[in-house]
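# Examination of the molecular architecture
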Amino acid sequence: MIIAAGGGRRIGGPEALLHQGEKPLVNRMIDTMVEAGCAQIVVVLGAAADQVRQTTDLTGVTVVVNRAWGTGVGSSIRAGLATLTDEGIEAVVVVPVDMPGLTAGAVRRVTMLPYPDVLVCATYDGLRGYPMLFGRRHWAGIATLASADVGARPYLLAHKDQIVDISCDSVADGSRVDSPELMALYGLTVPEQRVGA
């Protein structure tokens, strides 16, 4: 599941419209998930959803639009989980679109135990981050507790003894792009279509 719904207040517009080179960041993240072997990919859109559809290639992925995106990432996680109705899916890996340093290697590390009862978090310098793997048995609890801009954190805190931490320092950069400085560092650009969005 790729969370690409935020308005990007701190960077001047929706993260889902950012480009790295000529390619939309959303498509780079889809490629990363495909390379990692994810069987189904859900992209949760929100801010500027119509523009994102027009400027990205969403062929082959399930798209859900979170109309309540302004309330924070919690509502996007709930919207994404609600689309996973196939009983054969035992776990979902969640990543934010604004993480250009994420690699397929990190996703593969975190998804090595795709079982219904798992909770797995990537760590960077000992701190938890994305990707996160949520087993199906946790989905209802995560959806219930996911709130505002803290997402699954309340649920994870309540189940901290069950979380498996997987160090991803050596295979990925866990930084989230939340400032113009980081945008410049990763070579991210604002396409013209976003002006006035």
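Residues numbered from 1 in each chain as written. Predicted model: local features only at pLDDT ≥ 70, side-chain atom pairs only at ≥ 80, totals over all residues. Heavy atoms only, no water.

### Comments concerning helix 1 (residues 25–36)
As a reminder, the rule being used: Counting from the N terminus, the helices are DSSP H or I runs at least four residues long and the strands are E runs at least two residues long. An expected span of 1.5 Å times one less than the residue number is assigned to each helix. Categorising residues by exposure relies on relative accessible area from a 1.4 Å probe, with only protein chains included: less than 20% of the type maximum marks a residue as buried, more than 50% marks it as exposed, and the intermediate range marks it as partly exposed.
With twelve residues, helix 1 extends 17 Å from end C-alpha to end C-alpha; this agrees with the ideal 16 Å at 1.5 Å per step. Within helix 1 the residues assigned to the buried category are Leu25, Val26, Asn27, Met29, Ile30, Thr32, Met33 and Ala36. Note on helix 1: the residue one or two positions beyond its end, Gly37, has a positive phi of about 95 degrees.

### Here we look at the pattern of salt bridges
Oppositely charged side chains may form a pair once their charged atoms are brought near each other. Note the following rule: One side-chain nitrogen of Lys or Arg within 4 Å of one carboxyl oxygen of Asp or Glu is enough to make a salt bridge.
Tallied over the full model, the rule gives three salt bridges. The salt bridge involving Asp31 is made with Lys23; its shortest N-O contact spans 2.4 Å. Exposure remark for Asp31: the relative accessible area of 36% places this residue in the partly exposed category. A relative accessible area of 30% places Lys23 in the partly exposed class. Between Asp165 and Arg128 there is a salt bridge; the shortest N-O distance is 2.7 Å. Taken together, the positions of Asp165 in strand 9 (residues 163–167) and Arg128 in strand 8 (residues 127–135) put the pair 37 residues apart, joining distant regions of the chain. Residue Arg128 is classed as partly exposed on the basis of its relative accessible area, which comes to 42%.

### Side note on the sheet that holds strand 2 (residues 19–20)
Rules: A pair of strands is labelled paired if DSSP reports no fewer than 2 bridges between them.
Taking strand neighbours across the sheet as the criterion, the three strands line up as 3-2-10 in an open arrangement whose pairing is antiparallel. Looking at the sheet topology across the chains shown, the edges are occupied by strand 3 (23–24) and strand 10 (188–189). Of the strand pairs in this sheet, strand 2 and strand 10 are connected by two bridges, and their pairing is antiparallel. Of the residues in strand 10, the one forming a bridge with His19 is Thr189.

### Structural notes on the environment of Met99
Among the secondary structure elements, Met99 is positioned in the loop between strand 6 (91–96) and helix 4 (104–110). Note: C-alpha distance between Met99 and Arg128 (29 residues apart in sequence) is 14 Å.

### Concerning the environment of Val42
Going by this rule: Every residue pair with non-hydrogen atoms within 4.5 Å of one another is taken to be in contact.
When you line up the elements, Val42 lands in strand 4 (residues 42–45). Taking C-alpha positions, Val42 is 22 Å from Ser175, a pair spaced 133 residues apart along the chain. Beyond its immediate chain neighbours, meaning those up to four positions away, Val42 contacts Met1, Ile2, Thr62, Val64, Gly80, Thr83 and Leu84.

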